[in-house]
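Below, each chain spelled out in residue letters.
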Amino acid sequence: MICVSVTSGGSGALADFVRAQQIADLVEFRLDLMGKCDLRKIAAVKKKPVIVTCRPKSQGGSYEGSEKERLGILMDAGKSIGANFVDVEFGTAKGMIGELAGCCSQGLILSYHDFKGTPDNLPEIYRKMASSEASIVKIAVMANSINDNLKAFDVLAEAKKNGRKAAVFCMGPLGTISRILYRKFGGFMAYASLAPEKEAAPGQLAASEMKEVYRADKLDAGTMLLGVVGSQENHSSSPYMFNAAYNALKINAVHVKFPVSSDVGSFVDGFRHLVQGFAVTIPHKEAIMRFLDGIDSAAASIGAVNTVVKINGRLKGYNTDVIGGMDSLKKKASIKGKKVVILGAGGAAKAIAYGVAAEGGSLKVLNRTVGKAKELAKKYGGSYGNLEDLKKDYDILINCTSLGMKGEMPVDEKLLKGIVVDLVYTKSGDTRLIQKAKALGCSTVSGHEVLVAQALGQFRMWFGKKAPEGVMMEALKSASSGNKPR
Ligand code: NAP
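Computed from a predicted model, the values in this text were never measured in an experiment.

1. Section: the environment of Phe-185
Inspection of the secondary structure assignment puts Phe-185 in the loop between α8 (176–180) and β8 (190–192). Remark: the alpha-carbon pair of Phe-185 and Met-75, spanning 110 residues in sequence, is separated by 33 Å. Every residue in contact with Phe-185, bar those within four places of it in the chain, is listed here: Phe-153, Leu-156, Ala-157 and Leu-274.

Written out as structure tokens, the structure is:
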């Protein structure tokens, strides 16, 4: 069940309740955040089960009055709305708990919060709570690392084994996966916001995103877990592309973002038994290699892995940036014997240089830092220079610098000709490089096309079948244009 919290007061509460009932399975009224509103009007339109909560300041809420007054507020609201559940904090006076149980039809949610971290004694805390008379045990703790989610998953597994209804999850951006994956690990419900700007707690996703992108309310123990491992700032659109593909092909899998700041080795140790595979992005493409059980020869030669596949329990690293670049380029022309200029000498350039050399193209690498261009070019017997050294003597130009995200041109537009490929992609559609190249009549390959092509390679590796290219491209375009579920 997905629970949406209503936090607005006044007439906004009624409007939000109506909206929340359209998307949520359960609606929580956060009385401490809402201020005054007419609860009879709320009761008149109630169609879904309701939780009433009045969280004190000491537990991360806003309520600052006495416990006696708080009891009164909860009782009044419970009765006026016809609440199904009342949420009270673990440690609330026994007498108060007894009275509250009488003002709702389905019993108490006993909750525990830790806004600083995920304690190691989480199972102990859960067991104490589970031995109470609560209908649902709720534990919300702050994730300080992606591996904190594992502690929440273990407690959920115990609750499931004991037939206890539980919502155990991590808060904050590092804990979002525990909200998405609640059903996979046996959780009873997860909290989501009505809209992106209406989060009642850190790390919540909008209910529409939980349902429409991740199908969080449909996952089960058999759902295969995949995702993209990157920094916390990772704005990868791959969950949109892959989840759309799983949905279209009715594959019971989910694709999430795994935010990992520095210790990618701990992530691999902690999650290897749970994942089917994962993508790797900045800044872990090189660092991940020493934590895997095997590396494909092309990825080893490039020196970077962007795709990890679990084969018979072993994690093997591949590089589909090569596949993406080459497959999308080969749709335009054969590379064999062509003069190819690569702009840049970073991770993407290394993958593309490997591919161009393997396809029999001749290589020139131009980069801001010429030393790096020299090193890369020498590896494949090519020439090198800086970005100003571009001349109109090539067949294919491939931009692998990070220039273009803010409208910058990596090279002078007068020098564009032949086939122009840009690995960079922006939210606003074609980069300036691609726009200029198109205007000059060049054949072009956009960053989105390369991205989808490399994702098709990943899909093939993970599932052994062809991905629905059109569905993935549509999902990517829609996500990039900001047209995400809200
Ligand atoms: P990277 O390893 O950080 O390399 C960045 C490259 O850009 C380096 O060659 C760097 O030159 C150059 N550069 C950065 N800022 C510059 C500036 N102000 N002026 C001139 N050159 C500059 O990054 P990467 O992983 O190779 O990725 C590069 C781009 O490709 C990113 O935008 C990434 O999103 C995109 N990409 C797209 C796909 C796709 O599927 N479409 C796949 C992979 C990557 P120096 O060596 O001098 O620092």
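2. Structural notes on the packing of aromatic side chains
Enumeration over the complete set of coordinates arrives at 12 aromatic pairs. Centroid distance Phe-153 to Phe-185: 3.9 Å. Interplanar angle 10°. Geometry classified as stacked. Here Phe-185 lies in the loop between α8 and β8 and Phe-153 lies in helix α7 (residues 148–161), a separation of 32 residues in the sequence. Phe-153 sits in the buried class, given a relative accessible area of 3%. A relative accessible area of 12% means that Phe-185 is categorised as buried. An aromatic cluster of at least three residues, connected via ring pairs, comprises Phe-242, Tyr-246, Phe-459, Trp-462 and Phe-463. Over the ring of Phe-185 we find Lys-184; its NZ or CZ atom is 5.7 Å from the centre of that ring. The ring of Tyr-394 has Lys-417 sitting right over it, with the charged end atom 5.4 Å from the ring centre.

3. Here we look at the site of the ligand
With respect to spatial proximity, 22 residues lie near the ligand, and among them Gly-347, Ala-348, Asn-367, Thr-369 and Lys-372 are the closest. In the model, an oxygen atom of the ligand is placed 2.5 Å from a nitrogen or oxygen of the Thr-369 side chain. Contact between the ligand and Gly-447: a nitrogen atom at 3.0 Å from a main-chain N or O atom of the residue. Relative to its unbound accessible area of 920 Å², the ligand is 77% covered by the protein chains. For the shell around the ligand, the secondary structure elements donating two or more residues are α14 (347–358) and α17 (447–463). Of the residues belonging to the shell around the ligand, the class tally is 10 nonpolar, nine polar and three charged.

4. Describing helix α13 (residues 320–330)
Most of α13 sits inside the fold, with eight of its 11 residues counted as buried. One side-chain oxygen at the N-terminal end of α13 lies 2.8 Å from the backbone nitrogen of Asp-321; it belongs to Asn-319.

5. What to know about the sheet that holds strand β20 (residues 443–445)
Pairing within the open sheet is parallel, and its six strands lie in the order β17-β16-β15-β18-β19-β20. Looking along the sheet, the strands with just one partner apiece sit at the ends: β17 (383–385) and β20. Sheet twist, expressed as the average angle between the axes of neighbouring strands with direction ignored, equals 15°. Sheet topology note: the strand β15 (residues 339–343)/strand β16 (residues 362–366) ladder contains five bridges and is parallel. Paired with Val-340 across the two strands is Leu-363, which belongs to β16. Sheet strands touched by helix α15 (residues 370–379): β16 and β17. Its angle to β17, the strand with the most contacts, is close to 170°. Its contacts with the sheet place helix α16 (residues 432–439) against β18 (396–399), β19 (419–422) and β20, and it is angled at close to 165° to β19.

Reading guide: rules and limits
- Residues numbered from 1 in each chain as written.
- Predicted model: local features only at pLDDT ≥ 70, side-chain atom pairs only at ≥ 80, totals over all residues.
- Heavy atoms only, no water.
- Helix = DSSP H or I, 4+ residues; strand = E, 2+ residues; numbered from the N terminus.
- Contact = heavy atoms within 4.5 Å.
- Phe/Tyr/Trp six-rings, centres within 6.5 Å; stacked < 30°, edge-to-face > 60°.
- Buried < 20%, exposed > 50% of the residue type's maximum accessible area, 1.4 Å probe, protein only.
- Lys NZ or Arg CZ within 6 Å of the ring centre and 35° of its normal.
- Near = heavy atom within 4 Å.
- Polar contact = N/O pair within 3.5 Å; in protein donor to acceptor, adjacent residues only side chain to side chain.
- Areas by Shrake-Rupley, 256 points an atom, 1.4 Å probe, with all protein chains shown as cover.
- Nonpolar A, V, L, I, M, F, W, Y, C, P; charged D, E, K, R; others polar.
- Pairing = 2+ DSSP bridges.
- Axes fitted to C-alpha atoms, helices over the stretch in contact; angles between N-to-C directions.

All quantities given are derived from atomic positions and should not be read as evidence of function.
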